[in-house]
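The lines below spell out each chain.
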Amino acid sequence: MCLAVPGRVVSIDHRADPLTGLIDFGGVQKQACLEYLPDLRVGEYVIVHVGFALQRLDEESARASLELFEQLGLLEEEFGDAWQQAAQQAGDAAAHDRVAVEHERSGSEAR
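A quick note: this is a predicted structure, and the numbers were derived from the prediction, not measured.

Parameters at a glance
Residues numbered from 1 in each chain as written. Predicted model: local features only at pLDDT ≥ 70, side-chain atom pairs only at ≥ 80, totals over all residues. Heavy atoms only, no water. Buried < 20%, exposed > 50% of the residue type's maximum accessible area, 1.4 Å probe, protein only. Helix = DSSP H or I, 4+ residues; strand = E, 2+ residues; numbered from the N terminus. Pairing = 2+ DSSP bridges. Salt bridge = Lys/Arg side-chain N within 4 Å of Asp/Glu carboxyl O. Core = buried A, V, L, I, M, F, W, Y, C linked by side-chain atoms within 4.5 Å. Contact = heavy atoms within 4.5 Å. Expected span 1.5 Å × (residues − 1). Arc of directions from axis to C-beta.

(A) Just the pairing of strand β2 (residues 20-25), in detail. For β2, a buried count of six out of six residues is recorded, marking the element as mostly surrounded by other parts of the structure. The alternating pattern of β2 places T20, L22 and D24 and G21, I23 and F25 on opposite faces, both of which are buried. Summarising the sheet, strand β1 (residues 4-13) and β2 pair through five bridges and their orientation is antiparallel. Its bridge partner being in β2, S11 is matched across the sheet by L22. The turn linking β1 back onto β2 is made up of six residues. With six bridges joining them, β2 and strand β3 (residues 28-33) adopt antiparallel strand pairing.

Put into structure tokens, the structure is as follows:
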């Protein structure tokens, strides 16, 4: 299934042709074409379908939709490995930090 997913505009590349931007879909960031909304600004919410930002959306509606999509498992279906990979990377970073702290502790105890 291919969904129209709400996301927040993180950055816009005004030099790109076609106009593109980085969109944050609740933690997963992807590039999207912004040609249909050329006056879009960073921080605004849009609905993205097959890589094209098609319509502006207010923040409350975007957040409610993202929460519902997540509860239904539709974000995982739409983003596949990228969604899971973002969560794993966050977990890996936390594990790396714990190892570094333990290593630092054991080094200071040896002194």
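(B) Up close: the pattern of salt bridges. In this structure the tally under the stated criterion is four salt bridges. One salt bridge connects D13 with R15, and the closest N-O pair in it is separated by 3.8 Å. The partly exposed category is assigned to D13, whose relative accessible area is 29%. Residue classification places R15 among the exposed residues on the basis of a relative accessible area of 79%. For R56, the salt bridge goes to E44, with nearest N and O atoms at 3.2 Å. Taken together, the residues span a long stretch of sequence, with R56 in strand β5 (residues 52-57) and E44 in the loop between β3 and β4 (45-49) at a distance of twelve residues. Overlapping salt bridges, with partners in common, bring together D39, E44 and R56 in one network.

(C) Fine view of the pairing of β1. In this structure, β1 lies alongside β4, joined through five bridges in antiparallel fashion. In the strand pairing of β4, V5 is matched with V48.

(D) Inspection of the nonpolar core at higher detail. By size, the foremost hydrophobic cluster in this structure holds 17 residues, and its most contacted members are I23, L34, V46 and V48. Elements with a contribution of two residues or more to this core: β1, β2, β4 and α1 (59-72). Among the elements that take part in this core, β1 stands out by supplying three residues, more than any other. In this structure V46 touches V5, P6, G7, V9, I23, L37, L40, A53, Q55, R56 and L57, once residues within four positions along its chain are discounted.

(E) Here's a closer look at α1. An ideal rise of 1.5 Å per residue puts 20 Å on 14 residues; α1 measures up with 20 Å between its terminal C-alpha atoms. Along α1, the positions that sit buried rather than exposed are A62, L66 and F69. In a view along the axis of α1, the buried residues occupy a sector of 65°, so they form one face of it. Facing away from the buried side of α1 by over 90 degrees, the exposed positions are E60, R63, Q71 and L72. Of the residues one or two after α1, G73 is the one with positive phi, at around 80°.

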